[in-house]
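Listed here are the chains, written in short residue letters.
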Amino acid sequence: MPLINIKITNDGVTKEQKQQLIEGATQLMVDVLNKNPATTMVIIDEVDTDN
């Protein structure tokens, strides 16, 4: 099961933008590594800019 962890700052990223990141990262795993998109997990961590 592929696991992708994306870290972004929490500067107003919308739900739609996060969905695009998930879809794009998943498709990249399919295209490059021939991974099954149904078993690919994408985690988005939003980092506070004060950290």
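The sections below set out a description of the structure shown in this document. Just so it is clear, the structure is predicted and the values come from calculations on it, not from any experiment.

### Quick notes on the pattern of salt bridges
Any two side chains of opposite charge can pair if their charged atoms end up close together.
Okay, so step 1: Going through the model one piece at a time under the given rule, you end up with two salt bridges.
Okay, so step 2: Between Asp45 and Lys7 there is a salt bridge, and its shortest N-O distance comes to 3.8 Å. Taken together, the residues span a long stretch of sequence, with Asp45 in strand β2 (residues 41–47) and Lys7 in strand β1 (residues 3–9) at a distance of 38 residues.
Okay, so step 3: For Lys7, a relative accessible area of 60% translates into the label exposed.
Okay, so step 4: Measuring nitrogen to oxygen at the nearest pair gives 2.5 Å for the salt bridge that ties Glu46 to Lys18. Highlighted residues: Glu46 in strand β2 and Lys18 in helix α1 (residues 15–33), separated in sequence by 28 residues.
Okay, so step 5: Residue classification places Lys18 among the partly exposed residues on the basis of a relative accessible area of 22%.

### Some details on the side chain of Thr40
Okay, so step 1: Summarising the element assignment, Thr40 is placed in the loop between α1 and β2.
Okay, so step 2: You can call Thr40 buried: its relative accessible area is 14%.
Okay, so step 3: In this structure the side chain of Thr40 is engaged in a polar contact, spanning 3.0 Å, whose partner is the backbone oxygen of Asn36.

### Notes on the nonpolar core
Okay, so step 1: Core analysis: the largest hydrophobic core is formed by six residues, namely Ile4, Ile6, Ile8, Ala25, Met29 and Val42.
Okay, so step 2: Where this core is concerned, the elements lending two or more residues are β1 and α1.
Okay, so step 3: Looking at which element gives the most residues to this core, the answer is β1, with three residues.

Each value, and the rule that gives it
- Residues numbered from 1 in each chain as written.
- Predicted model: local features only at pLDDT ≥ 70, side-chain atom pairs only at ≥ 80, totals over all residues.
- Heavy atoms only, no water.
- Salt bridge = Lys/Arg side-chain N within 4 Å of Asp/Glu carboxyl O.
- Helix = DSSP H or I, 4+ residues; strand = E, 2+ residues; numbered from the N terminus.
- Buried < 20%, exposed > 50% of the residue type's maximum accessible area, 1.4 Å probe, protein only.
- Polar contact = N/O pair within 3.5 Å; in protein donor to acceptor, adjacent residues only side chain to side chain.
- Core = buried A, V, L, I, M, F, W, Y, C linked by side-chain atoms within 4.5 Å.

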